[in-house]
Amino acid sequence: MSICGTLTFGQGIAVSPSRIFFDGAPGQTVSQDIMFRNTSSSEFSFVARMQDWDRDSLGVKVYYEPDNKSSSNLSWLKLSENAVQLAPGESKRVNLTMKIPSDPAPQEQTHSMVFFTQTKTQKERAKPGLNVNVLLEIGVQVYHTPEGLSAGDLEFIAFEDRGLLKVNEKKVRQMDVKIKNAGQINKDAYVRFELTNIQTGEEISIKSIAVAMMPQAQQWVRFSLPENLQSGRYLAVAILDAGSQYDLKVAEKEITY
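The rules behind each value
Residues numbered from 1 in each chain as written. Predicted model: local features only at pLDDT ≥ 70, side-chain atom pairs only at ≥ 80, totals over all residues. Heavy atoms only, no water. Salt bridge = Lys/Arg side-chain N within 4 Å of Asp/Glu carboxyl O. Helix = DSSP H or I, 4+ residues; strand = E, 2+ residues; numbered from the N terminus. Buried < 20%, exposed > 50% of the residue type's maximum accessible area, 1.4 Å probe, protein only. Pairing = 2+ DSSP bridges. Core = buried A, V, L, I, M, F, W, Y, C linked by side-chain atoms within 4.5 Å. Contact = heavy atoms within 4.5 Å. Axes fitted to C-alpha atoms, helices over the stretch in contact; angles between N-to-C directions.

(A) A look at the pattern of salt bridges. One pass over the full model with this rule turns up 11 salt bridges. One salt bridge in this structure joins Asp 176 and Arg 222, with 3.4 Å as the shortest N-O distance. Linking Asp 176 in strand S14 (residues 170–181) with Arg 222 in strand S17 (residues 218–224), this pair joins segments that are 46 residues apart in sequence. Of the residues examined, Asp 176 reaches a relative accessible area of 2% and is grouped as buried. The salt bridge involving Arg 233 is made with Glu 254; its shortest N-O contact spans 2.7 Å.

(B) Layout of the pairing of strand S10 (residues 91–99). Bridge count between strand S5 (residues 29–38) and S10: 9 bridges; the pairing is antiparallel. Bridge pairing links Asp 33 to Asn 95 in S10. In terms of strand pairing, strand S8 (residues 77–79) meets S10 through 3 bridges, oriented antiparallel. Note that in S10 the partner of Leu 77 across the bridge is Met 98.

(C) Spotlight on the nonpolar core. With 35 residues, the main nonpolar core has Phe 159, Val 177, Ile 179, Val 191, Phe 193, Leu 195 and Leu 225 as its most contacted residues. Counting residues per element, the ones that place at least two in this core are strand S11 (110–119), strand S13 (154–167), S14, strand S15 (187–197), strand S16 (203–213), S17, strand S18 (233–241) and strand S19 (249–256). Among residues more than four places away in sequence, those in contact with Ile 179 are Leu 154, Glu 155, Phe 156, Ile 157, Val 191, Met 213, Ala 217, Gln 218, Gln 219, Val 221 and Leu 240. With 26 residues, the next largest nonpolar core counts Ile 20, Ile 34, Trp 76 and Met 98 among its residues.

(D) Local environment of the sheet that holds S13. In spatial order, the strands read S13-S14-S17; together these 3 strands make up an open sheet with antiparallel pairing. Edge positions in the open sheet fall to S13 and S17, since each of these has one partner strand only. Strand-to-strand twist across the sheet, computed as the mean angle between neighbouring axes with direction ignored, equals 20 degrees. Bridge count for S13 against S14 is 12 bridges, and the pairing is antiparallel. Among the inter-strand pairings, Leu 164 is bridged to a residue of S14, identified as Arg 173.

(E) Main features of the sheet that holds S19. On the basis of which strands lie adjacent, the open sheet formed by 4 strands has the order S16-S15-S18-S19 and antiparallel pairing. Both edges of this open sheet fall to S16 and S19, since each of them pairs with a single strand only. Ignoring strand direction, the axes of neighbouring strands in this sheet form an average angle of 20 degrees. Summarising the sheet, S15 and S18 pair through 8 bridges and their orientation is antiparallel.

Following this line, the structure appears as structure tokens:
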């Protein structure tokens, strides 16, 4: 089992981990604590719910009703408590248990989402004159990875110049790369994008974009070129970095701006 990340909010609530990766064998029961920390001077209350999810072609999460996805492990999960109350300065642990079915043995990585939604406390409900209610919803991703799945690799499968597109009320030159996760497990990576002016040799770096890829998924990653880019011929280079255990992948495309 591995865990990663902490979800921290400006309201003074931190929840960790943000993702849980279970690797138990068929028939085994495994568990992991989810830690809540309230560093604020206010009381917080949360109720739990679970939902299936996936990512669309741009990597955006899409949610589904429970048990509507073949990749779901939602029915395997149980929380030690479905309501969490935190006094100011209090920390609390909630145990998440996964009972992995023994027959049939799962042969794919499965995933689900555990949500904790903030609710009003009794004191807050009693306060008059409150017209705005700011609530938090915290999602913890839960994966199960059975033994023997292929890690596979990430690879570029397309590099497109989309031309001028309207983004946030501005027209910008858009470049898209399409990535495929050829493996059977979830992967995280960064895509770096660089421009080199072919005439002058000037190199222009663009901020890296983090991507999370589901098994066997294909996903577009979009880059906007700088608005103040000088006219000329450029070599556009996309670099796919999935960590030290994978080789860097490079895609190139020449464009005229």
